[in-house]
Amino acid sequence: MTATRIDGKAFAEKVREEVAVGVKALKASHGVTPGLAVVLVGEDPASQVYVRNKVRQTEACGMQSFHHVLDTTTSRDSLLSIIESLNADPEVHGILVQLPLPDHLDSRDVIEAIDPAKDVDGFHTSNVGELWTGGEPFIPCTPIGCLRLLKSVEPNIAGKNAVVIGRSNIVGRPMAALLLNESATVTIAHSKTKDLPAVCRQADILVAAVGRPQMVKADWIKPGAVVLDVGINRIETEDGKGKLVGDVDFDDASTVASAITPVPGGPGPMTIACLLANTLEAAKRSVS
Ligand code: NAD
């Protein structure tokens, strides 16, 4: 079997186009331009790249972008007072604090300071609770992006066995909640799971969100399964340039799976597209 390659880049482009149309419509109907504020503390190079991409794509779809770059030594009080002012700013509909934060800042504490109605990352406990109890939360962007990619190849999720490897608050747990909400039978596997390959072989839908390069091999995958690879890992190459790979050995897994996301070009591009969609949704809710 040669798996269908699920093109996250093309899908993300479609989502961004839909968002741009929605932004125009909201401006026309209510005179409101959705605004996203991104707060970056420190100089982590990967975070700087993510933030630059977020700002560029926010502006490209017609939204306002507010960009706060703070020194690594920024105190908790200063950060919380910036969040407070963003909470109160009517031009800001979405607030994102780029993680990870420097060690002296507690990310939970900071996330809890964001108004849940502006928490477009979906990390506030109020949104997490809504997700697990069937409310209408802002859903974390990477898992909702994965779900949209999954539905493009597998519309019938109900009753399927889904295995999510990874239990982080950002990816694994919300991914499991989304699959459960779609009536899949969900297993969350993690670093202490016994015989992980055997657990994975039960999966009709396998999501890998671990951070271990090419850990998942073909013989971990049930023939015909759909595989979503969230991992982003840089590995060394002979030419010294290095390259990005996922948590799944793509070429190997493609011989067994029915459909699979590549890295790069899978869930990654969908993450920012879904952030923009959440920001538009927050702006719509603010006028309804
Ligand atoms: P994390 O480090 O918070 O969580 C990793 C999880 O993997 C943990 O729950 C841990 O229990 C589990 N784990 C670790 N080693 C394991 C092993 N040997 N076997 C089974 N489980 C194991 O990471 P995260 O923030 O959830 O991110 C996971 C990966 O996804 C990373 O590569 C990250 O870069 C990537 N990521 C991608 C996007 C995107 O936009 N595509 C977004 C967020 C994270």
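Everything below is about the structure shown above.
Residues numbered from 1 in each chain as written. Predicted model: local features only at pLDDT ≥ 70, side-chain atom pairs only at ≥ 80, totals over all residues. Heavy atoms only, no water.

A. Representation of the site of the ligand in the model. If you check the shell around the ligand, you find 21 residues, and the closest are Arg167, Ser168, Arg212, Ile232 and Thr271. Within the side chain of serine 168, one N or O atom sits 2.5 Å away from an oxygen atom of the ligand. Within the contact set of the ligand, an oxygen atom lies 3.2 Å away from a backbone nitrogen or oxygen of serine 191. Ranked by residues supplied to the shell around the ligand, first place goes to helix 10 (residues 267-287) with three residues. By residue class, the composition of the shell around the ligand is nine nonpolar, 10 polar and two charged. (Near = heavy atom within 4 Å. Polar contact = N/O pair within 3.5 Å; in protein donor to acceptor, adjacent residues only side chain to side chain. Helix = DSSP H or I, 4+ residues; strand = E, 2+ residues; numbered from the N terminus. Nonpolar A, V, L, I, M, F, W, Y, C, P; charged D, E, K, R; others polar.)

B. Focus on the packing of helix 1 (residues 8-30) against helix 10. At a minimum axis distance of 9 Å, the contact between helix 1 and helix 10 shows a crossing angle of 20°. Between helix 1 and helix 10, the interaxial angle falls into the category roughly parallel. Crossing of helix 1 against helix 10: the hand is left-handed. Contacts between helix 1 and helix 10 involve Gly8, Lys9, Phe11, Ala12, Val15, Arg16, Val19, Gly22, Val23, Leu26 and His30 from the former and Pro269, Met270, Ala273, Leu276, Ala277, Leu280, Ala283, Lys284 and Val287 from the latter. Broken down by class, the residue content of the contact of helix 1 with helix 10 amounts to 14 nonpolar, three polar and three charged. (Axes fitted to C-alpha atoms, helices over the stretch in contact; angles between N-to-C directions. Parallel < 35°, antiparallel > 145°, perpendicular 65-115°, else oblique. Left-handed = near helix turned anticlockwise from the far one by under 90°. Contact = heavy atoms within 4.5 Å.)

C. Molecular detail of helix 10. Taking 1.5 Å per residue as the helical rise, helix 10 with its 21 residues ought to reach 30 Å, and the 31 Å between its terminal C-alpha atoms agrees with that figure. Every buried residue of helix 10 is listed here: Pro267, Met270, Ile272, Ala273, Cys274, Leu275, Leu276, Asn278, Thr279, Leu280, Ala282 and Ala283. Buried residues along helix 10 sit against helix 1, strand 2 (35-41), helix 2 (45-60), strand 4 (94-97), helix 6 (141-153) and strand 8 (226-229). (Expected span 1.5 Å × (residues − 1). Buried < 20%, exposed > 50% of the residue type's maximum accessible area, 1.4 Å probe, protein only.)

D. Inspection of the nonpolar core at higher detail. Counting residues in hydrophobic clusters, the biggest one holds 51 residues, and the most contacted among them are Val19, Leu147, Leu150, Leu179 and Val207. For this core, the element with the highest residue contribution is helix 10, accounting for eight residues. With residues near it in sequence (within four places) discarded, leucine 147 still touches Ile157, Met175, Leu178, Leu179 and Glu182. In terms of nonpolar packing, the next biggest core, distinct from the first, is built from 20 residues, Ala189, Ala203, Leu206 and Trp220 among them. (Core = buried A, V, L, I, M, F, W, Y, C linked by side-chain atoms within 4.5 Å.)

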